[in-house]
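Here is how the chains run, residue by residue.
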Amino acid sequence: MSSDVVIRAEGLVKIYRTDAVETLALRGVDLSIHKGEFTAVAGPSGSGKSTLLHLLGGLDRPTSGEVFLEGKALSKLHPEELARLRLERIGFVFQAHNLIPVLTVLENVTFALELRGVPARERERRAREVLAELGIEKYAQQFPHRLSGGEQQRVAVARAVVGDPAVVLADEPTASLDGENSRALIDLMRRLNETRGTTFFFATHDARLLDRVKRLLILEDGRIVSERVQA
Ligand SMILES: Nc1ncnc2c1ncn2[C@@H]1O[C@H](COP(=O)(O)OP(=O)(O)O)[C@@H](O)[C@H]1O
Ligand SMILES: [Mg+2]
């Protein structure tokens, strides 16, 4: 059973200290993400969602507690090992504007594969396959600014899944989109979850999206206050 755990977090506490101010952003979070899950973490602004995603993805360190990615304790890794693990095993999607403007859509998607040494022809084949699954292959040679916000976020999702990561961590991927485009993006992520088996864990404060997920965690004041699994 434990072999299908992609990420395990134990006792995560995060305190931000700035000058005289201390903010307790996470107050002891335990959770496991299993292979193939499609999970949302919801909660009001300031509840700690971004902090949690940053810690799970090794972008920041907890004040105490530990994150295990495929069994490896992140705090025990050297910075270069952690960077490599992030590159190879985690796909990130952020709110908006995280595509590289001087690269085409296709290049934005192949870039991460290039860093990992995947040969050119194989990179392009894999990128085109994902772009087609997301209905945006026709934009392969365009630059991101020519695309709508919803299309740009689909490119960001394509880039995150193309390397078949252990998990895609998405921090409010629909924050810049209207209701219709938000639902469309989540539905596309859900489809990739079903066709490719990609594991997704995303944060949102949009309650309208929550019927789309298989598993829902509610974060309040840095604590998981409820959890449910749904059809
Ligand atoms: N870099 C930071 N420095 C200081 N305080 C921060 C920082 N990042 C987040 N916080 C604080 O931590 C709490 C949780 O923030 P965050 O994780 O961004 O929540 P959410 O993503 O749910 O809105 C908030 O009180 C926020 O102001
Ligand atoms: Mg946030």
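The structure this text deals with has already been given above.
Residues numbered from 1 in each chain as written. Chains lettered and ligands numbered in written order. Predicted model: local features only at pLDDT ≥ 70, side-chain atom pairs only at ≥ 80, totals over all residues.

Colleague: Would you mind going over the site of ligand 1 in detail, with residue names and values included?
Modeller: Around ligand 1, the neighbouring residues are Y16, T18, T23, A25, G43, S45, G46, S47, G48, K49, S50 and T51. Of all the elements in the fold, those that place two or more residues in the shell around ligand 1 are β1 (5-18), β2 (21-34) and α1 (49-56). The element that contributes the greatest number of residues to the shell around ligand 1 is α1, accounting for three residues. A per-class count over the shell around ligand 1 returns two nonpolar, nine polar and one charged. (Near = placed C-beta within 6 Å. Helix = DSSP H or I, 4+ residues; strand = E, 2+ residues; numbered from the N terminus. Nonpolar A, V, L, I, M, F, W, Y, C, P; charged D, E, K, R; others polar.)

Colleague: Tell me about unusual backbone geometry, and name the residues and values.
Modeller: At E172, a position not held by glycine, the phi torsion is positive, near 45°. Here E172 lies in the loop between β7 (167-171) and α6 (179-195). Backbone geometry places D221, a non-glycine residue, at a positive phi of 50°. Its location among the elements puts D221 in the loop between β9 (215-220) and β10 (223-229).

Colleague: Could you give an account of helix α4 (residues 120-133), naming the residues involved and the relevant values?
Modeller: In an α-helix, one full turn covers 3.6 residues, which means residues spaced three or four apart are oriented alike. Taking 1.5 Å as the rise per residue, α4 with 14 residues should run 20 Å; its terminal C-alpha atoms sit 20 Å apart, in good agreement. Of the residues making up α4, those classed as buried are R123, A127, V130 and L131. Axial view of α4: buried residues confined to an arc of 100°, hence all on one face. Turned more than 90 degrees from where α4 packs its buried face, R121, E122 and R125 sit exposed. Packing partners of the buried residues in α4 comprise α3 (105-115) and α5 (149-161). Just downstream of α4 lies G135, where phi reads positive at about 70°. (Expected span 1.5 Å × (residues − 1). Buried ≥ 20, exposed ≤ 12 C-beta atoms within 10 Å, placed from the backbone. Arc of directions from axis to C-beta. Contact = placed C-beta atoms within 7 Å.)

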